[in-house]
Amino acid sequence: MSEQPVLLPYGDPAFVADPFPLYRQLREDGPVRRVVIAGALEAWLVTRYEDGLAALSDSRLSSDVRDAADIRLLQQLPDTERESMLGNMLRSDPPDHTRLRRLVSKAFTARRVAQMRPRIQAVTDRLLDAVVADGRADLIEDFALPLPVTVISELLGVPVDERHEFQHWTDRMIMRGAEPPDPAVVNEAWRHMRGYAGELIGAKRAEPGEDLLSALITARDEEARLSEDELVAMVFLLLAAGYITTVNLIGGGIAMLLAHPDQLDRLRSDPGLLPGAIEEFLRFDGPVSPGIARFAREDVEIAGVRVPRGATVLIGSAVADRDPERFPDPDRLDITRPDNAHLAFGHGIHYCLGAPLARLEGQIAIGTALRRLPGLALAVPPSEIPWRPGGLRGPLTLPVTFTPGG
């Protein structure tokens, strides 16, 4: 490809608030476009649905960042942390990925997730109990953030008095903020979380409980026990990935409804539409943007475009999920949209293991908030809601008003 790469301007508040006009232009320009992302890293963005679907199942595209030609991707991690933090399901390929996923998958079956419904509902009600009398709240800090933190912490057995610290350092590690990240702060957070994960594993090894982490410590898969680095990486993945994307789904979903009052009214009048609404939130403006990173093991042709070995390939789920060839009238939020097979959770062997839990949390949280917060409305214009920059997308704050006493 001869054209110059296109900058994805995450330092521009207008782009962060609404990246979709640029995504649309990139998709119209071609099926694979060279782009420049954070830190001047170049990537090849797959812009269309069918091509993205195929790329997510292409074994020539690796999930392991060590297959990337651009060593700056590895240099973003402190030297001592690379192996322990990279050896997780998200950043591994078969056969390691197969073994790791099998060990943890029993915790996320549909039946096990369904059994968590009463506890998720109880946590949701408790959080709303704390704000219903006030008539105003920040639905990120007061609700969308603490709910999934509590759920994943209980699943892994994180002690109650340690959850705030875990959230504090994870936020810094994944750069959950509006300001450009300070590399020293990010590296410190990585080191701290590596140490915390090791301490938590040691505590569970000494006194096992009924939680997932205790089960992983003693798990065997064809006589192959998880290594210490793999255990640490699993804790990191489940703690971090297990909450921030769900925060974005809950907060983003409520923000979308409040910015589209016709859809809000429709959902209030028919709560049975909620499962489909969750899928539409994920398609329309999901928690990962622009998409999912892979690394070319060899020269690969994608949609007629040659992508060189070692290149970073961004499978643009947020771009492809508005492809008009797949979704009619894709820039319209429609909670009754049929056949909504979006790519927000990925596809193939790396399809998001926590998708059933995220869907359940989203349905319970959003459905309960709409029921218990009558007159729910934004306290600021939609254009004033700050969205987080970078690959994990969602509102940083969501100030709302409502009729007190729900």
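Residues numbered from 1 in each chain as written. Predicted model: local features only at pLDDT ≥ 70, side-chain atom pairs only at ≥ 80, totals over all residues. Heavy atoms only, no water.

Caption draft 1: Summary view of the pairing of strand β11 (residues 312–315). Residues of β11 alternate between two faces, with Thr-312 and Leu-314 on one and Val-313 and Ile-315 on the opposite face, all of them buried. Examined bridge by bridge, strand β3 (residues 41–46) and β11 share three bridges and lie parallel to one another. Counted as the bridge partner of Val-46 is Ile-315 from β11. Taken together, the four bridges between strand β8 (residues 292–296) and β11 define a ladder with antiparallel strand orientation. Note on β11: the bridge partner recorded for Arg-294 is Val-313. (Buried < 20%, exposed > 50% of the residue type's maximum accessible area, 1.4 Å probe, protein only. Helix = DSSP H or I, 4+ residues; strand = E, 2+ residues; numbered from the N terminus. Pairing = 2+ DSSP bridges.)

Caption draft 2: Up close: the sheet that holds β3. Pairing within the open sheet is mixed, and its six strands lie in the order β1-β2-β3-β11-β8-β4. Lying at the two open borders of the sheet, with one neighbouring strand each, are β1 (6–7) and β4 (61–62). In this sheet, strand β2 (residues 32–37) lies alongside β1 in parallel orientation, the contact comprising two bridges. From the neighbouring strand, Val-6 faces β2, where its bridge partner is Val-35.

Caption draft 3: Region of interest: the pattern of salt bridges. This structure, assessed with the given rule, holds 20 salt bridges. With its nearest N and O atoms 3.3 Å apart, the salt bridge here joins Arg-24 to Asp-331. In this pair, Arg-24 is assigned in helix α2 (residues 20–29) and Asp-331 in the loop between α18 (317–320) and α19 (355–372), connecting sequence segments 307 residues apart. Its relative accessible area of 34% is what places Asp-331 among the partly exposed residues. (Salt bridge = Lys/Arg side-chain N within 4 Å of Asp/Glu carboxyl O.)

Caption draft 4: The packing of aromatic side chains, seen in detail. The tally for this structure, following the rule as stated, stands at five aromatic pairs. Judged by centre distance (5.6 Å) and plane angle (90°), the ring pair of Phe-20 and Tyr-23 falls under edge-to-face. With Phe-20 and Tyr-23 both in helix α2, this residue pair falls three residues apart, about one helical turn. One exposure class covers both Phe-20 and Tyr-23, and it is buried. (Phe/Tyr/Trp six-rings, centres within 6.5 Å; stacked < 30°, edge-to-face > 60°.)

Caption draft 5: How the structure looks around the sheet that holds strand β13 (residues 399–401). Spatial strand order, β5-β13-β12: three strands in an open sheet with antiparallel pairing. The strands lining the two open edges of the sheet, one partner per strand, are β5 (136–138) and β12 (377–378). Looking at chain direction, β5 and β13 are connected through three bridges and run antiparallel. Directly across from Arg-136, in β13, lies its bridge partner Thr-401.

Caption draft 6: Local environment of unusual backbone geometry. Of the consecutive residues Pro-94 and Pro-95, the connecting peptide bond is found in the cis state with omega at 5°. For Pro-95, the position within the fold is in the loop between α5 (82–86) and α6 (96–105). The omega angle of the peptide bond from Ser-289 to Pro-290 is 5°, so this bond is cis rather than trans. Along the chain, the position of Pro-290 falls in the loop between α17 (274–285) and β8. The backbone phi angle of Ala-303 is positive, close to 50°, even though this residue is not glycine. Along the chain, Ala-303 turns up in the loop between β9 (300–302) and β10 (305–307). For Ala-303, a relative accessible area of 38% corresponds to the partly exposed category.

Caption draft 7: Representation of the pairing of β8 in the model. For β8, the tally of buried residues reaches five of five residues, placing the bulk of the element in the interior. Burial along β8 is two-sided: the residues Ile-292, Arg-294 and Ala-296 and Ala-293 and Phe-295 are all buried.

Caption draft 8: Fine view of the nonpolar core. Core analysis: the largest hydrophobic core is formed by 93 residues, its most contacted members being Ile-254 and Phe-281. Among the nonpolar cores identified, the runner-up in size contains 19 residues, and Val-32, Val-46, Val-307 and Ala-311 belong to it. (Core = buried A, V, L, I, M, F, W, Y, C linked by side-chain atoms within 4.5 Å.)

Caption draft 9: Just helix α16 (residues 261–269), in detail. Among the residues of α16, Gln-263, Leu-264 and Leu-267 are the ones counted as buried. Each buried residue of α16 sits inside an arc of 105° when the element is viewed along its axis, so together they form one side. Away from its buried face by more than 90 degrees, α16 exposes Asp-262 and Ser-269. Packing partners of the buried residues in α16 comprise α15 (244–259), α17 and α19. (Arc of directions from axis to C-beta. Contact = heavy atoms within 4.5 Å.)

Caption draft 10: Layout of the environment of Trp-190. Relative to the helices and strands, Trp-190 is located in helix α12 (residues 183–206). Here the alpha-carbon distance between Trp-190 and Glu-28, two residues 162 residues apart in the chain, equals 39 Å.

Caption draft 11: Seen up close, the packing of helix α10 (residues 146–156) against α19. Direction vectors running N to C along α10 and α19 enclose 140°, while the axes themselves pass 11 Å from each other. Taken together, α10 and α19 sit at an angle that is classed as oblique. For the pair α10 and α19, the sense of crossing is right-handed. Contact with α10, carried on its side by Leu-147, Pro-148 and Val-151, involves Leu-357, Glu-361 and Ala-365 of α19 and no other residues of that element. When grouped by side-chain class, the residues that make up the contact of α10 with α19 number five nonpolar, no polar and one charged. (Axes fitted to C-alpha atoms, helices over the stretch in contact; angles between N-to-C directions. Parallel < 35°, antiparallel > 145°, perpendicular 65-115°, else oblique. Left-handed = near helix turned anticlockwise from the far one by under 90°. Nonpolar A, V, L, I, M, F, W, Y, C, P; charged D, E, K, R; others polar.)

Caption draft 12: Region of the structure containing the side chain of Gln-263. Here Gln-263 is to be found in helix α16. Residues in contact with Gln-263, not counting those within four places in the same chain, are Leu-257, Leu-333, Asp-334 and Ile-335.

Interpretation note: all reported values are geometric properties and have no functional meaning in isolation.
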